[in-house]
Amino acid sequence: MEYHPPRDDQAFLLFCLFDVKRAWRDIGAFGEFGDDLIRAVIDESGKLASQAIAPLNEPGDREGCRLEDGQVRTPAGFREAFAALAEGGWLGLSGNPEFGGQGMPKLLGCLIEEMFWAANASLYLYGTLTVGGSICIDAHGSAAQKARYLPRLYAGEWTAAMALTEAHAGTDLGIMRTRAEPHPDGTYRITGNKIFITSGDHDLADNIVHLVLARLPDAPEGTRGISLFIVPKYLPDEDGSAGERNAFAAGSLEHKMGIHGSATCVMNYDGATGFLVGEENQGLAAMFTMMNYERLSVGLQGLGAGELAYQAAVRYARERLQGRSPSGPVKRRRPGRSAAGACRRAPHAAHHACAQRRRARLRHVRRHAARPRQIRRRLPGPGLVGASHPHRQGLPHRPRLRVRRAGATGIRRPRLRGRVGRRADRAGCPDRPDLRGHQRGSGHGPDQPQGDPRRRRDAEGAARPICAGPSWRARASRAGGRRAAARRGGHRRGAGPRR
Amino acid sequence: VTIVDLPGAVATDYLDLLGYALYAWLWARMAGAAPDDAFGAAKRHTAAFFFARLLPRTLALEQSVLADSGVVMGLADEAF
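Each value, and the rule that gives it
Residues numbered from 1 in each chain as written. Chains lettered and ligands numbered in written order. Predicted model: local features only at pLDDT ≥ 70, side-chain atom pairs only at ≥ 80, totals over all residues. Heavy atoms only, no water. Helix = DSSP H or I, 4+ residues; strand = E, 2+ residues; numbered from the N terminus. Buried < 20%, exposed > 50% of the residue type's maximum accessible area, 1.4 Å probe, protein only. Contact = heavy atoms within 4.5 Å. Areas by Shrake-Rupley, 256 points an atom, 1.4 Å probe, with all protein chains shown as cover. Core = buried A, V, L, I, M, F, W, Y, C linked by side-chain atoms within 4.5 Å. Phe/Tyr/Trp six-rings, centres within 6.5 Å; stacked < 30°, edge-to-face > 60°. Lys NZ or Arg CZ within 6 Å of the ring centre and 35° of its normal. Axes fitted to C-alpha atoms, helices over the stretch in contact; angles between N-to-C directions. Parallel < 35°, antiparallel > 145°, perpendicular 65-115°, else oblique. Left-handed = near helix turned anticlockwise from the far one by under 90°. Nonpolar A, V, L, I, M, F, W, Y, C, P; charged D, E, K, R; others polar. Salt bridge = Lys/Arg side-chain N within 4 Å of Asp/Glu carboxyl O. Buried area = accessible area lost by both parts, 1.4 Å probe. Polar contact = N/O pair within 3.5 Å; in protein donor to acceptor, adjacent residues only side chain to side chain. pLDDT = per-residue confidence, 0-100. Patch = residues over 30% accessible without salt bridge, like charges linked within 9 Å, V, L, I, M, F, W, Y side chains within 5 Å. Expected span 1.5 Å × (residues − 1). Bend = angle between axes of the 7 residues up to and from the residue. Pairing = 2+ DSSP bridges. Disulfide = S-S within 2.5 Å.

A. Expanded view of the overall build of chain A. The helix and strand inventory of chain A stands at 18 helices and 11 strands. Counting all 499 residues of chain A, 51% fall into the buried class. Across chain A, contacts joining residues at least 24 apart in sequence account for 69% of those joining residues at least 6 apart. For chain A, the exposed area adds up to about 23100 Å²; of that, 52% sits on carbon and sulfur atoms.

In structure tokens, the structure reads:
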């Protein structure tokens, strides 16, 4: 889906509203960040979001994730896009510089996350959990754990997941059942089932670091008896790289209404090796370091989704030929003023602005104008097509097209291609009162084919054939129709001159 | 309704109200900080839209929050 980073709004927030440079100076941090650096960071992430990540949004959602032999496969292109996200250092942007993070201000991170969310929420869910997991380990992990996990999480070589919810315990974590048995070597064996685990399994990175809440055998009841464990998919070996496979896997993928490119898993831990984070029975507080970050980030997800929807709505309002102002036809105005203005003048201005493109789209439809093939062959060339021409007189008008399109308010865009039954660029032509009355006085909106199209004439007074919709061939098979059109390419002349 | 149930009974409306109030604060700040150009004019206009068309919803939410919360929790389980 097309997405344009909201650069002006972001600059406004940073420099006008929050006056970040003064704010950062006041707290004695980030003094080295000049305007140029800030803008460069935002522009670069915006480019990545709009060019590399956004195009995968719709196809990724259509394809969705698959679970094959216990391994989740993400949609095509996700691997490359996530690698780009990781290599750009965007996951470690606000990370601890001691362990390979870039130590950038969180405020900047928020603006950047907004763009990644807008561009592709499915993909960035893998990112946000990685950032959140690194924040949690940075805040509560031991020095060894930080050194082992943080550099890889910041670099996106490994990702993170948070495992809290169980089938019977969501918000009410006090009653969760996943067990952690101490093992003589100082690690723990985690056993239990978790649901709704976002990014619980995938094929985007070498390892997945699960942060799992579980109960020790002698733990007190309720939320005061919950401990937090690092449970990596592959246990890190001596040199810290992903080694032996741990004893847990995705049991199934959750069904969702959207974000199908994000793997939300049911996870089964079967005596998986875990490493305690922080103190025993203090796990919930540690987990909520991550949870609070994810809450902020998911808020940004909503903001990004809103921005994406807004951009799509403005585009649509500018292109959609529908309705008219209650106060009568709106005069043409200067282009590009406001979205609301665009809505008001869509019947006119959008026509004019898009006339070229729309004509190009209509061309193939007109070429297919559903007339008997032999009659089309005998149609005279440009300039000679008149109402008096014998073949034109007898041409059937195609009511089918009108019926198919009349009164539909929820028509999808592709249908617009064939639905303008007149010359778009003449819609508001002052020297054609007959045409305007014909089109606009009907009260059915300017885009409903009205009346007999043969009555419309061009400037020379000659009637011109009007788009009558795709031929039956094209209806039967769009692609086949196009091929047929290519074969009959010469018939275009039958449709009269074009401007 | 008992005092224990009160927060839960009004929470949704109260948080909606709080959200509008926070938006109002931010829109006021944004309108004040908006530059004197076309972009800033659009910001101020959007702020005006918010104050004129959305913020008044707080009046209804306030009434809901202040209304008797017993109507939320009063229906017996068996009645569902």
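B. Structural view of the overall build of chain B. The secondary structure content of chain B amounts to 4 helices and 0 strands. From first element to last, N terminus to C terminus, chain B shows the α and β order α-α-α-α. Within the span of chain B, comprising 80 residues, buried residues form 20% of the whole. For chain B, long-range pairs separated by at least 24 residues make up 67% of all intrachain contacts whose partners lie at least 6 apart in sequence. A total accessible area of about 5700 Å² is found for chain B, and carbon and sulfur atoms account for 65% of it.

C. Just the nonpolar core, in detail. Residues and elements named next belong to chain A. Formed by 65 residues in total, the largest nonpolar core has its most connected members in L85, F116, I190, F229 and Y269. Residue contributions to this core peak at 9 residues, all from helix α6 (residues 106-119). Counting residues in each nonpolar core, the second largest holds 26 residues, with L129, Y149, A286 and M287 among its members.

D. Just the packing of aromatic side chains, in detail. All names here are of chain A. A complete count under the given rule lists 12 aromatic pairs over all chains for this structure. Taken together, the ring pairs connect W90, F116, W117 and Y124 into an aromatic cluster. A cation over an aromatic ring shows up here: R152 above the ring of W158, its NZ or CZ 5.1 Å from the ring centre.

E. A look at the packing of helix α1 (residues 6-33) of chain B against helix α3 (residues 57-66) of chain B. All names here are of chain B. Where α1 contacts α3, the two axes come as close as 9 Å, and the packing angle between them is 150 degrees. Between α1 and α3, the interaxial angle falls into the category roughly antiparallel. Judged by the sense of rotation from one axis to the other, the crossing of α1 with α3 is left-handed. Between α1, through V10, D13, Y14, D16, L17 and Y20, and α3, the contact on the second element is made entirely by R57, T58, L61, E62, S64 and V65. Across the contact of α1 with α3, the residue classes break down as 6 nonpolar, 2 polar and 4 charged.

F. Highlighting the pattern of salt bridges. Overall, the coordinates contain 13 salt bridges over all chains when judged by the stated rule. Measuring nitrogen to oxygen at the nearest pair gives 3.8 Å for the salt bridge that ties R44 of chain B to D36 of chain B. Of the residues examined, D36 of chain B reaches a relative accessible area of 77% and is grouped as exposed. Within the structure, one salt-bridge network assembled from shared partners comprises E63, R66, E68 and R73 of chain A.

G. Structural detail: the environment of A81 of chain A. Residues and elements named next belong to chain A. You can see A81 is positioned in helix α5 (residues 78-87). What makes A81 buried here is its relative accessible area of 5%. C-alpha separation for the pair A81 and Y124, spaced 43 residues apart in sequence, amounts to 9.9 Å. A81 has contacts with A52, L56 and L123, leaving out every residue within four places of it along the chain.

H. Quick look at the interface of chain A and chain B. Taken residue by residue, the interface counts 7 residues in chain A and 7 residues in chain B. Both faces combined, the contact of chain A with chain B buries some 620 Å², and carbon together with sulfur accounts for 77% of it. It is D9, F12 and L17 of chain A in chain A that bury the most area against chain B; as a group they hold 71% of the surface buried on that side. Applying the counting rule to chain A against chain B returns 1 salt bridge. The residue K43 of chain B makes a salt bridge to D9 of chain A at a minimum N-O spacing of 2.5 Å. Between chain A and chain B we count 2 residue pairs in polar contact (both at pLDDT 80 or more) in total. Taken together, the residues that form the side of chain A that touches chain B break down as 5 nonpolar, no polar and 2 charged.

I. Looking closely at the side chain of H210 of chain A. Residues and elements named next belong to chain A. Following the sequence through the fold, H210 ends up in strand β6 (residues 207-214). In this structure the side chain of H210 is engaged in a polar contact, spanning 2.8 Å, whose partner is the backbone oxygen of G200. A polar atom in the side chain of H210 sits 2.8 Å from the side chain of Y269. Setting aside residues no more than four positions away along its own chain, H210 makes contact with A161, I197, G200, F229, I230, V231, P232, F248, M267 and Y269.

J. Spotlight on the confidence of the model for chain A. Residue and element names in this part refer to chain A. Averaged over every residue, the pLDDT of chain A is 77; the share at 70 or more is 66%. Contacts from residues 368-477, a stretch scored under 50 in pLDDT, to residues over four places away or in other chains number 202 contacts. Segment residues 479-486 is flagged for pLDDT under 50; beyond a separation of four residues in sequence, or across chains, it makes 7 contacts in the model.

K. Spatial organisation of the confidence of the model for chain B. On average, residues of chain B carry a pLDDT of 93, and 98% of them reach 70 or more. Among the prediction metrics, the complex's ipTM stands at 0.89, with pTM recorded as 0.70.

L. View of a nonpolar patch on the surface. On the surface, a cluster of nonpolar side chains totalling about 530 Å² of accessible area is made up of Y14, L15, L18, L22 and W25 of chain B. By the element assignment, W25 of chain B lies in helix α1.

M. Molecular detail of helix α9 (residues 283-319) of chain A. In this model α9 of chain A runs 53 Å from its N-terminal to its C-terminal C-alpha over 37 residues, within 8% of the 54 Å that 1.5 Å per residue would give. Roughly 30 degrees is the biggest bend found in α9 of chain A, and it falls at T289 of chain A.

N. How the structure looks around the pairing of strand β7 (residues 227-232) of chain A. Residue and element names in this part refer to chain A. Judged by how many residues are buried, β7 sits mostly within the fold: 6 of 6 residues are covered. With burial as the criterion, each face of β7 is covered, one bearing S227, F229 and V231 and the other bearing L228, I230 and P232. Two elements, β6 and β7, share 6 bridges in a ladder whose sense is antiparallel. Across the sheet, residue V209 finds its bridge partner in β7, namely P232. Pairing of β7 with strand β11 (residues 264-277) involves 3 bridges; the strand directions are antiparallel. Bridge pairing in β11 links F229 to L276.

O. Representation of the state of the cysteines within the structure. Residues and elements named next belong to chain A. Scanning the model with the defined rule gives 0 disulfides over all chains in all. The structure places no disulfide on C16, whose sulfur is separated from the nearest cysteine sulfur, that of C110, by 19 Å. The class of C16 is partly exposed, set by a relative accessible area of 35%. Residue C110 stays outside any disulfide, its sulfur separated by 18 Å from that of C136, the closest cysteine. Taking relative accessible area as the criterion, C110 reaches 17% and is therefore assigned buried.

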